[in-house]
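# Fold and contact review
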Amino acid sequence: MITETTPLDDLVACPQCDTLHVASALPENARAHCQQCGIVLMTSQPAAMARILSLALTAFIMMIAAVSFPFLTLDAGGLHNATSVIDAVLAFNDGYAFPLAVAVAFFIVVIPLIRLSALIYALGPLVREQRPRQGARRAFALAERLRPWSMAEIFIVGVTVALIKVAGLAAVTIGPAFWAFAGVVVITVLKDQLICRYSIWESLDKATA
Amino acid sequence: MGIAGQSHSLITARDAGLVACQQCGQVHRLGTRVCKRCEGRLQSRDGESLQKVWAWLIAGMIAYIPANLYPMLLTSTLVERSESTIIGGVVELVEHGSWGIAAIVFIASVMIPVGKFVAIMYLAISVQRHSKDNQHERHKAYEVVEFIGRWSMIDVFVVAILSALVQLDTIATINPGIAAVSFALSVIFTMLSAQAFDSRLIWDADRTRP
C-alpha cells in the first residue's frame with residue numbers, strides 16, 4: 001500500500017504510464033511488470049553487472065576488428081575490389097551525400113563504440129565493488145539514450161540484402177570483418193537484454209553513498 | 001513473474017504529488033527540476049509532446065516523397081546506365097526471383113514507414129481527443145512503432161554497401177542517388193517523432209485531472 005510515509009526512494013513510477021508502485025526485493029531471475037501497462041519495470045539477474053561488462057568488452061574488441069579487417073571482396077571480369085566497413089561509410093562521400101556518410105558512420109561504428117565505452121566506464125568500478133568513476137551516471141545515461149541510434153544489427157541485415165543483389169553480378173568473398181561484425185551484433189543483443197536500468201541506477205546510487 | 005508492490009488501487013505519480021524521472025525511475029516531489037540520481041531533467045508530462053510529434057512527423061512525411069520519386073541507386077555497366085527507385089529496386093528483385101529479399105526491402109522501405117506515419121497520427125489524434133478506448137492496444141502500438149522504426153534504415157545501408165562494393169571501373173559501378181539522403185532523413189525524423197511522444201498521455205484520458 002502506498003502511504004504518505006513511504007520513503008520516496010522505495011517508490012517506482014512506470015516511465016511509460018506514470019503508475020506508481022512500491023519497489024520490493026525481487027527473487028532471482030524474476031521480472032516486475034507495470035500493473036497498468038505491462039512493461040517490464042525491473043529484472044533481477046544475479047551477476048548481471050559482471051556479465052554486461054564482459055560482453056561490452058568483448059563487443060568493443062570485436063568492433064575494432066570489424067573496422068580494420070577487409071569486410072567484403074568483389075571479383076568480376078578480372079577486376080577486384082576489396083571493401084572495409086570504412087569504405088561503406090565513404091560510399092556517400094561525394095558532394096550532396098556527405099552528411100549521410102557522417103550519419104552512417106555514426107549509426108554503425110561511432111555510436112556503438114560510444115555506447116560500449118560509456119558502459120565499460122560506468123560499470124567497471126561497480127563490478128570490482130569500488131566507488132563509481134566521476135561522471136559514471138552521465139556515461140550510463142548517455143549509453144541508454146543512444147540505444148535506438150545504434151544500428152549495427154540493421155547494417156548487417158542490409159549487407160545480407162546487398163550480397164544477394166550482387167550475387168548474380170560477381171563473385172563475392174566474405175572477409176573476417178564480416179564475421180567480427182556479426183559477432184558484435186549478437187553480443188550487443190545479449191548484453192542489452194541483461195541491462196535493467198533500475199538496478200543499475202540503484203547500484204550506482206548505493207556505491208556513491 | 002513478480003509484481004512491484006501490492007498497491008490496491010493504481011495511482012499515478014502525478015496524482016500522488018510526485019514526479020518520476022523517465023531516465024532512471026527515481027521519484028521526486030512535484031516541482032523538482034533535476035533528478036537527484038541521474039541529473040536528468042524532470043517533467044511530469046511533456047506539454048509540448050504533441051507539437052513536437054506533429055512537427056517531426058510532417059517533416060518525415062515530406063522527406064518521404066522525394067525518397068520515392070528520385071533514384072536510390074545509379075547503376076552503370078558496359079552496356080547501359082540505369083536508375084532505380086525504391087519501388088523499382090523491389091520490382092527488380094522480384095523479376096530476379098528473389099521473393100524473400102524483395103519482401104524484406106518492401107517491408108522495410110514502404111510498409112514500415114507508411115505504417116509508422118499512420119500509427120503516429122492515430123496515436124496523436126486519439127490523445128488529442130482524450131480517447132479512453134483501446135488504451136492497452138494503443139500503448140502496444142506505441143511500443144511497436146518505437147521498436148520497429150529504426151529498421152527502415154536497411155535500404156540506406158544496402159545502398160552504402162552496394163556503392164562501396166561495386167566499383168569495377170568500366171564493367172560495373174553503382175553510386176548512391178539523392179533519394180538515399182531523403183529516405184535517411186525521413187527515417188530519422190519519424191524516429192524523433194516517435195521519441196517525442198509522451199506515452200503517459202495515452203493513460204491520462206481516464207484519470208482525474210488534479
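In this numbering scheme, every chain counts its residues from 1 along its sequence in written order. Written order decides the labels, with chains lettered from A and ligands numbered from 1. In keeping with the predicted nature of the model, local features appear solely for residues at pLDDT of at least 70, side-chain atom pairs appear and are counted solely at 80 or more, and the whole-chain, interface and lining totals rest on all residues. Calculation of side-chain values draws on the structure's entire complement of heavy atoms; hydrogens and water are dropped beforehand.

### Comments concerning the overall build of chain B
When helices and strands are tallied, chain B shows seven helices and seven strands. The helix and strand sequence of chain B, counted from the amino end, reads β-β-β-α-β-β-α-α-α-α-β-β-α-α. As defined in this context, the radius of gyration uses C-alpha atoms, and a globule is described by 2.2 Å times the residue total to the power 0.38. The C-alpha radius of gyration of chain B comes to 22 Å, more than 25% above the 17 Å expected for a compact globule of 210 residues. For the C-alpha atoms alone, the extent of chain B along its principal axes is close to 75 × 35 × 35 Å. Counting over 210 residues, chain B shows a buried share of 53%. Note on definitions: a residue-residue contact is assigned when non-hydrogen atoms from the two residues lie within 4.5 Å. In chain B, 65% of the contacts between residues at least 6 apart in sequence involve partners at least 24 apart. On chain B, roughly 9,900 Å² of surface is accessible, and the fraction owed to carbon and sulfur atoms is 61%. Charged residues are defined narrowly, with Lys and Arg counted positive, Asp and Glu counted negative, and His plus the chain ends left uncounted. Here the site of a charge means NZ on Lys, CZ on Arg, CG on Asp, or CD on Glu. Each charge class in chain B was averaged separately, 18 positive and 17 negative side chains, and the resulting centres sit 15 Å apart. To qualify as a helix, a DSSP run of H or I must reach at least 4 residues; to qualify as a strand, a run of E must reach at least 2; elements of each kind are numbered from the N terminus. Burial classes: relative accessible area under 20% of the type maximum marks a residue as buried, over 50% as exposed, and values in between as partly exposed (1.4 Å probe, protein chains only). For every accessible area listed, the method is Shrake-Rupley and the probe measures 1.4 Å; residues are considered covered only by the protein chains on display.

### Let's talk about the sheet that holds strand 5 (residues 81–84) of chain B
Residues and elements named next belong to chain B. The strand order 5-4-7-6 describes an open sheet built from four strands, whose pairing is antiparallel. Looking along the sheet, the strands with just one partner apiece sit at the ends: strand 5 and strand 6 (167–168). If DSSP finds at least two bridges between two strands, the strands pair. Bridge count between strand 6 and strand 7 (residues 172–176): two bridges; the pairing is antiparallel. Residue pairing in the sheet places Gln167 in a bridge with Thr173 of strand 7.

### Focus: the side chain of Ser163(B)
Position of Ser163(B) among the secondary structure elements: in helix 5 (residues 154–165). Excluding residues that lie within four positions of it along the chain, Ser163(B) makes contacts with Ala91(A), Ile174(B), Asn175(B) and Pro176(B).

### Considerations on a nonpolar patch on the surface
All names here are of chain A. On the surface, a cluster of nonpolar side chains totalling about 390 Å² of accessible area is made up of Phe98, Val102, Phe106, Ile114 and Leu142. With four residues, helix 3 (residues 98–127) is the single largest residue contributor to the nonpolar patch. Relative to the helices and strands, Phe106 is located in helix 3. The patches reported here contain residues having more than 30% relative accessible area and no salt bridge. Joining distances are 9 Å for like charges and 5 Å for nonpolar side chains (Val, Leu, Ile, Met, Phe, Trp, Tyr). For this analysis, a salt bridge means a side-chain nitrogen from Lys or Arg found within 4 Å of a carboxyl oxygen belonging to Asp or Glu.

### Here we look at the pairing of strand 4 (residues 40–43) of chain A
All names here are of chain A. Pairing between strand 3 (residues 31–33) and strand 4: three bridges, direction antiparallel. If you follow Arg31 over to strand 4, its bridge partner there is Thr43. Between strand 3 and strand 4, which follow one another and run antiparallel, lie six residues, and Gly38 among them has a positive phi close to 85°.

### Some remarks on empty space enclosed by the protein
Detection works on a 1 Å grid of protein atoms alone, calling trapped sets that fit a 1.4 Å probe cavities and calling open sets with protein on both sides within 12 Å along at least five of seven lines pockets, with lining residues defined by an atom within 4 Å of a point. Grid points are joined across faces, edges and corners, and a volume is the space filled by probe spheres set on the points. One pass over the structure, following the stated rule, counts two cavities of 30 Å³ or more. Of the pockets and cavities examined, the largest cavity occupies roughly 60 Å³. Around the largest cavity, the lining residues are Lys165(A), Met72(B), Leu73(B), Ser84(B), Thr85(B), Ile86(B), Gly89(B), Val105(B), Asp155(B) and Val159(B). Looking at the lining of the largest cavity, the elements that each hand over two or more residues are helix 2 (86–96) and helix 5 of chain B. Residue classes in the lining of the largest cavity are distributed as five nonpolar, three polar and two charged. Along the walls of the second largest cavity sit Tyr64(B), Pro113(B), Lys116(B), Phe117(B), Gly149(B), Ser152(B), Phe183(B), Ser186(B), Val187(B) and Thr190(B), which together make up its complete lining. Every element with two or more residues in the lining of the second largest cavity is listed here: helix 3 (99–128) and helix 6 (178–196) of chain B. Lys, Arg, Asp and Glu make up the charged group, whereas Ala, Val, Leu, Ile, Met, Phe, Trp, Tyr, Cys and Pro make up the nonpolar group; the residues left over, Gly among them, are polar. Per-class residue counts for the lining of the second largest cavity are five nonpolar, four polar and one charged.

### Some points on the sheet that holds strand 5 (residues 72–76) of chain A
All names here are of chain A. Pairing within the open sheet is antiparallel, and its three strands lie in the order 6-5-7. Across the chains shown, the open sheet's two edge strands, defined by having one partner strand only, are strand 6 (79–83) and strand 7 (171–174). With direction set aside, neighbouring strand axes in the sheet form an average angle of 15°. Taken together, the five bridges between strand 5 and strand 6 define a ladder with antiparallel strand orientation. Counted as the bridge partner of Leu72 is Thr83 from strand 6. What counts as an axis is a line fitted to C-alpha atoms, over the stretch in contact for a helix, and the angles between N-to-C directions run from 0 to 180 degrees.

### A closer look at the interface of chain B and chain A
On the side of chain A, 70 residues touch chain B, which itself brings 74 residues to the contact. Two parts placed together each lose some accessible area; with a 1.4 Å probe, that loss summed over both constitutes the buried area. Buried surface at the junction of chain B and chain A, both sides included, amounts to about 6,500 Å², of which 67% is carbon and sulfur. Ranking the residues of chain B by area buried against chain A places Arg37(B), Phe157(B) and Leu165(B) at the top, with a combined share of 12%. Joining chain B to chain A, the criterion identifies two salt bridges. As a salt-bridge pair, Glu153(A) and Arg150(B) come within 2.9 Å of each other at their nearest N and O atoms. A per-element tally of the side of chain B that touches chain A places helix 5 of chain B first, with eleven residues. Residue composition of the side of chain B that touches chain A, grouped by class: 43 nonpolar, 20 polar and eleven charged.

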